[in-house]
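# Architecture at a glance
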Amino acid sequence: MKRTIIPLGPFHPLLEEAEFFELTVEGEKVVDIDLHVGYVHRGIEKLSETKTFDQVPFLVERICGICSTSHPLAYVQAVEDLAGIKVPERALYIRTIVAELERVHSHLLWVGLAGHFIGYDTLFNWVWKYREPVLDVFENLCGNRNHYGMMKVGGVRRDFSKDDFPFVHQVMDQTIAATEMLTGAVMDDPVLHARTKGVGVLTKEDAIGYATLGPVVRASGIPDDIRTDDPYAAYDRVDWKVVTYEGGDVFAKAAVRLLELVESAKIVKTCMDRLPDGPIATEVRSIPAGEGIGHAEAPRGEVFHYVRSNGKNTPERHKIRAPSYVNIPSFKATCIGEDIADAALISAAVDPCYCCAERMAVVASNGDRLGKGDDLVRMSREKSRRLKDELGQRTPLDKLGDSLKG
Amino acid sequence: MNLSKAVSLNELRRTYGDRIDKCEEVSANRAYVYLSPAVLPKVARFLHKEHNGRLATVTGVDTRDGIELLYHFLHPQEHLFITLKTRLDKPSPEIESLASLFPAAIWIERELYDLLGVTFTGHPDLRRLVLPDSWPEGVHPLRRDFKGLSES
């Protein structure tokens, strides 16, 4: 059969991110895929060599707008490994709380976008409504909705106040309840099943071969998670479980993220309850010559940092490896043999990282501001219901929407 | 945990003890193994196939007198990082590719080829990864002698 090359990019069709895929297709089937990256290569490893050890956390925080605490966390752990610095208990708990809150908002973001991609804007709006308070929690605890600036070599920069905790508990309870409700709806929805089950399967062998990370590898039934594989912060001091799911398809990847959300919210609650008193940082005077490895489980998988020092106040070499770097090449294993229509969804299922910093307001054609997120949810739900009624099909997600009405 | 109980590290020493140069245990779960470029692929295969080692990434460092490559293998069950450290000669550093062992090495090696000018023999698709197509051939920004591109 005749082969055609379809270019996807240089912007991702679903996530506004610079990647370029060349899909080779025969009819509707994808037979080969070539990936081009580097459009946003900023030379941060080289730039880091010109910054002092204390400035680097601010630099690496800007690698990613979503998992912005994972990079500084992995970096400070690398320097602490290099210099043999012991971090106070209270700082370890604060690090855990920030890292898990980040997973909560990041997974909510993805679940919402996934719903949006397959035409379920109801899901998108509901999920993002529950994500917003998590960002408010960040603002309360860290002083910023994104880029928290919390990590420093030897501890954390800012202490938490117990006065903020009742609000955080409330938001986490709300997140758990909302996630469980949404999980039930997603698991039972026949349309979602049809779109995601058996689509873009990453087998166990390919998951290991491509060294995939995070929810991508755990959706193939492999319990790889840095939080237990090489415990850091306070993860070995609280009870929680690594979430895995069998199947390796888009459905499994969504399921892992939904189930992880609940675990993360529980970790945040436990850490707040057990937060020990004491200092939040060890004083660090200078960094000796040597080398260190630090890594952390970001929402998308392991973030890896290697730092080498020659005794000066800047790193001699700083190597960074983000999780999407190893997850994206696995498209070669998951897209080939699938329909073109599913290729974009499959590539979005690994949650390749992009920065979302914009907020929006809807303005009617007469210039009136239509209002807040609630109105958007209402409009979206009305539209979905109208379309579904025309088609004569009621899905569990619709029924869920009805039960939540009013 | 104590590194003396790390099965993968002990097995590595037992099997390849006479072919590795040095083994340093720098902390409770970080070990660095120094070896020659000829032995490295065999040890990498051993760690991956026999002891579930996952190649986290490869760090390349220009040490001025040569190129140092560090292969970071994570052994999840043992909470252990084993880093294989080898040194390649300038001006044309070369080592055997690990791409036939696992596809995860394909991008890692392409990046090192791109930024540090290391050639991986037996690589199925050794071409530029992150630098733009218009970047001049033979210029590698992570080399110490790189001072930027001329304006022309």
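## Some details on the sheet that holds strand β1 (residues 3-8) of chain A
Residue and element names in this part refer to chain A. Read from one edge of the open sheet, three strands run β1-β2-β3, paired in antiparallel fashion. Strand pairing shows two members of the sheet lacking a second neighbour, β1 and β3 (29-36), which therefore form its edges. Averaged over all pairs of adjacent strands, the angle between strand axes in this sheet comes to 20°, irrespective of strand direction. Both strand β2 (residues 20-26) and β3 contribute to a ladder of seven bridges, which runs antiparallel. Following the sheet pairing, L23 is matched in β3 by I33. Helix-sheet contacts for helix α14 (residues 340-349) involve β1, β2 and β3, and the interaxial angle to β2 is about 150°.

## What to know about the interface of chain B and chain A
How big an interface is tends to be stated in terms of accessible area lost as the parts join. Counting from both sides, the interface comprises 26 residues of chain B and, opposite them, 23 residues of chain A. Among the elements of the structure, β3 (54-62), β4 (67-75) and α3 (104-116) of chain B are those that each provide at least two residues to the side of chain B that touches chain A. With six residues, the top contributor of residues to the side of chain B that touches chain A is β3 of chain B. Among the residues forming the side of chain B that touches chain A, the class breakdown is 18 nonpolar, six polar and two charged.

## With respect to the packing of helix α4 (residues 89-117) of chain A against helix α5 (residues 121-142) of chain A
Residues and elements named next belong to chain A. Close contact between α4 and α5 brings their axes to 8 Å; oriented N to C, the two are set at 160°. Between α4 and α5, the angle is such that the two are roughly antiparallel. Crossing hand, α4 versus α5: left-handed. Facing V98, L101, V104, H105, L108, L109, V111, G112, L113, G115 and H116 of α4, the residues of α5 in contact are D121, L123, F124, V127, W128, Y130, R131, V134, L135, V137, F138 and C142. Taken together, the residues of the contact of α4 with α5 break down into 17 nonpolar, four polar and two charged.

## Points about the domain arrangement of chain A
Residue and element names in this part refer to chain A. Domain annotation for chain A reports domain 1 (3-36) and domain 2 (44-349). The interface is formed by 14 residues belonging to domain 1 together with 14 residues belonging to domain 2. Residue assignment for the side of domain 1 that touches domain 2 shows that the elements contributing at least two residues are β1, β2 and β3. If you tally residues by element for the side of domain 1 that touches domain 2, the top one is β3, at six residues. Across the side of domain 1 that touches domain 2, the residue classes tally to eleven nonpolar, no polar and three charged.

Reading the values: rules and limits
Residues numbered from 1 in each chain as written. Chains lettered and ligands numbered in written order. Predicted model: local features only at pLDDT ≥ 70, side-chain atom pairs only at ≥ 80, totals over all residues. Pairing = 2+ DSSP bridges. Helix = DSSP H or I, 4+ residues; strand = E, 2+ residues; numbered from the N terminus. Axes fitted to C-alpha atoms, helices over the stretch in contact; angles between N-to-C directions. Contact = placed C-beta atoms within 7 Å. Nonpolar A, V, L, I, M, F, W, Y, C, P; charged D, E, K, R; others polar. Parallel < 35°, antiparallel > 145°, perpendicular 65-115°, else oblique. Left-handed = near helix turned anticlockwise from the far one by under 90°. Domains from an automatic or database assignment.

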